[in-house]
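Letter by letter, the chains look like this.
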Amino acid sequence: MRILFLVGFLLLCWVGQGLAIQGVCSNCHTMHNSQGGVVMVYNGTSPQPYLLRGSCTGCHAQGKSSNIVNGVPQVYHSASQDLAGGNFAYITGLKTGGDGGSGDAYGHNVMDIPGINLDSVLGSGEPPGYSIHPVTPVFASKGVSCAGERGCHGVRWVNLSPMEGIKGAHHSNITGLVNGTGIGGSYRFLIGVKGYEVSDWQNTSPTHHNEYYALTSPTYELSCSNTSCHQGPNINGYSGYPVPPDGTISQFCGTCHPLFHSATATSSNATSPSSPWLRHPTDYALPTTGEYAQYNNGTLTYSVLAPVARTSWPISGISSTVTPGSDAVMCLSCHYAHAGPYPDMLRWDYRTCVAGGGSNSTACGCFVCHTSKD
């Protein structure tokens, strides 16, 4: 019977659910967490859910000198080149930032990663801009995690563990264009997010980068209403969890930082952007006039320092051209998703941007869009 179960499981690996992940099953799974008298789990000794050989961090945050280990992308490493999502090593000090520093201000304090604790300044673990959320805070004194109830990837549901939240992701994964359907059909397993995934997870040049989806102007002010965030479709028996209403990456950030996504003073106000701006806009198209029409020193060439998102769907593929009036600013235009080399998870050192300094657009991402201020 044991042999039949093993054969059946291996066949499932071969023929199951789209075969998005490929390779030897035993690289990821172990039947009994024992082989030759040695435990098979990569991080720790205890058996992992779903017969896995590692937790999220055991596979993706190994703390090694490579940003990809045996084909597995790393979010915590000491390599010189970070992947597009960023590197949690700037928080622990495994790697120092472009300003020579490291610490809590450099990224999301994901508590699953060894050496990362609650933010020493923000303290409670509640995301900034979240405090207006009119339900009992779920983050207080707990911080954030990779997945599950307090995570970003997969289903977010009360008391759901990270592994339960991300269940089925790798075996349903779609690469390239993703329309936000299911976990595997969503951008980097962020349910509901649309986009175009580059296959090696790296933004390296105008012709090699992920593509993100945005709106020309925000249509939603995010809230707890069932007409706003809580529209998650039934996945693994859970529904009604927070997802981005229109599938943009900025709306996804807004599910935890709703006030920061707001165009007005509160998250519950009407949709019209305020003037003057109270917060830097996101999900908003670059104007076709003035300094914005001269994006990236007037070249209109895609900048990986200050990337833009596309508002046309479906995205046709990677483009090196930026079109004001159509392409939009998003949260990731300025910030890394995981952690980055500068405080506030910024892509550049905001403290060294000097107005009127000239020719700073290669070091200061602000001037990629605000060209007349350089």
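Criteria and thresholds
- Residues numbered from 1 in each chain as written.
- Predicted model: local features only at pLDDT ≥ 70, side-chain atom pairs only at ≥ 80, totals over all residues.
- Heavy atoms only, no water.
- Core = buried A, V, L, I, M, F, W, Y, C linked by side-chain atoms within 4.5 Å.
- Buried < 20%, exposed > 50% of the residue type's maximum accessible area, 1.4 Å probe, protein only.
- Helix = DSSP H or I, 4+ residues; strand = E, 2+ residues; numbered from the N terminus.
- Contact = heavy atoms within 4.5 Å.
- Polar contact = N/O pair within 3.5 Å; in protein donor to acceptor, adjacent residues only side chain to side chain.

### Digging into the nonpolar core
(1) Moving on: Of all hydrophobic cores here, the largest spans 25 residues; its most connected members are Tyr212, Ile249 and Tyr295.
(2) Moving on: Secondary structure elements with two or more residues in this core: α5 (249-254) and α7 (366-369).
(3) Moving on: The element best represented in this core is α7, accounting for three residues.
(4) Moving on: With residues up to four places along the chain from it excluded, the contact list for Tyr212 reads Ala84, Tyr187, Asn203, Ile249, Tyr302, Val308, Ala309, Arg310, Ile315, Met330 and Leu332.
(5) Moving on: Among the nonpolar cores identified, the runner-up in size contains 16 residues, and Cys56, Ile113, Tyr130 and Cys146 belong to it.

### A short note on the side chain of His257
(1) Moving on: With respect to the helices and strands, His257 occurs in the loop between α5 and α6 (258-261).
(2) Moving on: A polar contact of 2.6 Å, which involves the side chain of His257, links it to the backbone oxygen of Pro128.
(3) Moving on: Once residues within four sequence positions are removed from consideration, His257 is found in contact with His108, Pro127, Pro128 and Gly129.

### Looking at unusual backbone geometry
(1) Moving on: Between Trp313 and Pro314 the backbone carries a cis peptide bond, its omega angle lying at 0 degrees.
(2) Moving on: The residue Pro314 is located in the loop between β8 (284-285) and β9 (328-329) in this model.
(3) Moving on: At Leu51, a position not held by glycine, the phi torsion is positive, near 60 degrees.
(4) Moving on: Along the chain, Leu51 falls in the loop between α1 (2-15) and α2 (56-60).
(5) Moving on: According to the relative accessible area criterion, Leu51 is partly exposed, its value standing at 29%.
(6) Moving on: Of note, the phi angle at Phe189 is positive, near 65 degrees, even though the residue is not glycine.
(7) Moving on: Within the element layout of this structure, Phe189 appears in the loop between β5 (176-178) and β6 (195-197).

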